[in-house]
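# Structural overview for review
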Amino acid sequence: MEIKKMKTNMLSQKLIAHVSDEFAKAYNLPEGHQSVAFFSVDNDDVGYLAVDDATKKANIKVIHAETFYGGSTCSWSKYGGSVFIMFSGPKVADVKSGLAYVKDFIDNRSVLCNFDGDEGTAFYAQCIPRVGKYFGELCGMEEGTSYAYLVGGPIETNYALDKALKAGETRIVKYWYPPSHANSSGAILAGTESACRAATLAFVDGLKYATENPMEI
């Protein structure tokens, strides 16, 4: 089976330079943060990774990030995609930079893939050398920690995840029990960069076997 990369797209992005007091209160924005931006992507995993990457480079804080039930195919909005993500910053320039970094990741560094061009076998497996502030806070990872972001179909993922954990000294810092909002399953594994790279490769190998042999036990 051949791994095929899938294109992901930012579907919508908006910025509010100076939010109202009531808006800030509704989302409990940090003190001094007056600007917000939000965006949608047609794949939720890419959106989360993109905003984590942006938190390493722009002075922003992720305020809300959630996958839509069923993913992009069940979105009620033409531009809703699979996920809604909002972040804030002290200045409009901060959130503008955040959006630029998000879009760069989506366009150039995301690795959503499938096997043999079959979108029914889609998966996401990527080693990130250094965690951003978003996943650092969400998963309790220290600055500088590497992580492997591993997501796929529920059966295939849970089979492959065990192989990933056996491939190197990593630990689960976030796990999505099946079925997730998008009917998938996955985990974030933390460890050294070399261990996370080994885990990522083992995960993909496990997915490939499970996809090629759905009825083998």
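The structure under discussion appears in the preceding block.
Worth saying up front: this structure is predicted, and the values here are computed from it rather than measured.

Quick look at the environment of Asp-205 now. Positionally, Asp-205 belongs in helix α6 (residues 193-212). With relative accessibility at 53%, the residue Asp-205 sits in the exposed group. Along the primary structure Asp-205 and Val-92 are separated by 113 residues, whereas in three dimensions their C-alpha atoms are 44 Å apart.

The next subject is the environment of Thr-200. With respect to the secondary-structure elements, Thr-200 resides in helix α6. Between the alpha carbons of Thr-200 and Cys-127 there is a distance of 6.4 Å; along the sequence they are 73 residues apart. Apart from the residues within four sequence positions on either side, Thr-200 is in contact with Ala-125, Gln-126, Cys-127, Ala-148 and Leu-150. Of note is the side chain of Thr-200, whose polar atom sits 2.8 Å from the backbone oxygen of Cys-196.

Scanning all chains against the criterion turns up 11 aromatic pairs. Judged by centre distance (5.2 Å) and plane angle (25 degrees), the rings of Tyr-134 and Phe-135 are stacked. For the pair formed by Tyr-134 and Phe-135, the shared burial category is buried. Seen in terms of ring centroids, Tyr-149 and Trp-176 are 5.5 Å apart; in terms of plane orientation they differ by 55 degrees. Their pairing is tilted.

Now for the packing of helix α2 (residues 44-55) against helix α3 (residues 92-108). α3 packs onto α2 with a crossing angle of 130 degrees between their chain directions and a minimal axis gap of 8 Å. Taken together, the axes of α2 and α3 lie oblique to each other. Like other packed secondary-structure pairs, α2 and α3 cross with a definite hand, here right-handed. Of the residues in α3, those in contact with Val-46, Leu-49, Ala-50, Val-51, Asp-53 and Ala-54 of α2 are Gly-98, Tyr-101, Val-102, Phe-105 and Ile-106. Taken together, the residues of the contact of α2 with α3 sort by class into 9 nonpolar, 1 polar and 1 charged.

For His-33, the location among the structural elements is in the loop between α1 (21-26) and β3 (35-41). Since its relative accessible area comes to 15%, His-33 is described here as buried. A distance of 3.4 Å separates the side chain of His-33 from the backbone nitrogen of Gly-89, its partner in a polar contact. Residue contacts for His-33: discarding those within four places in its chain leaves Lys-61, Ser-88, Gly-89 and Pro-90.

On the surface, a cluster of negative charge is made up of Asp-116, Asp-118, Glu-119 and Glu-212. Here Asp-118 shows up in strand β7 (residues 118-128). Exposure remark for Asp-118: the relative accessible area of 41% places this residue in the partly exposed category.

Each value, and the rule that gives it
- Residues numbered from 1 in each chain as written.
- Predicted model: local features only at pLDDT ≥ 70, side-chain atom pairs only at ≥ 80, totals over all residues.
- Heavy atoms only, no water.
- Helix = DSSP H or I, 4+ residues; strand = E, 2+ residues; numbered from the N terminus.
- Buried < 20%, exposed > 50% of the residue type's maximum accessible area, 1.4 Å probe, protein only.
- Contact = heavy atoms within 4.5 Å.
- Polar contact = N/O pair within 3.5 Å; in protein donor to acceptor, adjacent residues only side chain to side chain.
- Phe/Tyr/Trp six-rings, centres within 6.5 Å; stacked < 30°, edge-to-face > 60°.
- Axes fitted to C-alpha atoms, helices over the stretch in contact; angles between N-to-C directions.
- Parallel < 35°, antiparallel > 145°, perpendicular 65-115°, else oblique.
- Left-handed = near helix turned anticlockwise from the far one by under 90°.
- Nonpolar A, V, L, I, M, F, W, Y, C, P; charged D, E, K, R; others polar.
- Patch = residues over 30% accessible without salt bridge, like charges linked within 9 Å, V, L, I, M, F, W, Y side chains within 5 Å.
- Areas by Shrake-Rupley, 256 points an atom, 1.4 Å probe, with all protein chains shown as cover.
- Salt bridge = Lys/Arg side-chain N within 4 Å of Asp/Glu carboxyl O.
- Lys, Arg positive; Asp, Glu negative; His and termini not counted.
- Charge placed at Lys NZ, Arg CZ, Asp CG, Glu CD.

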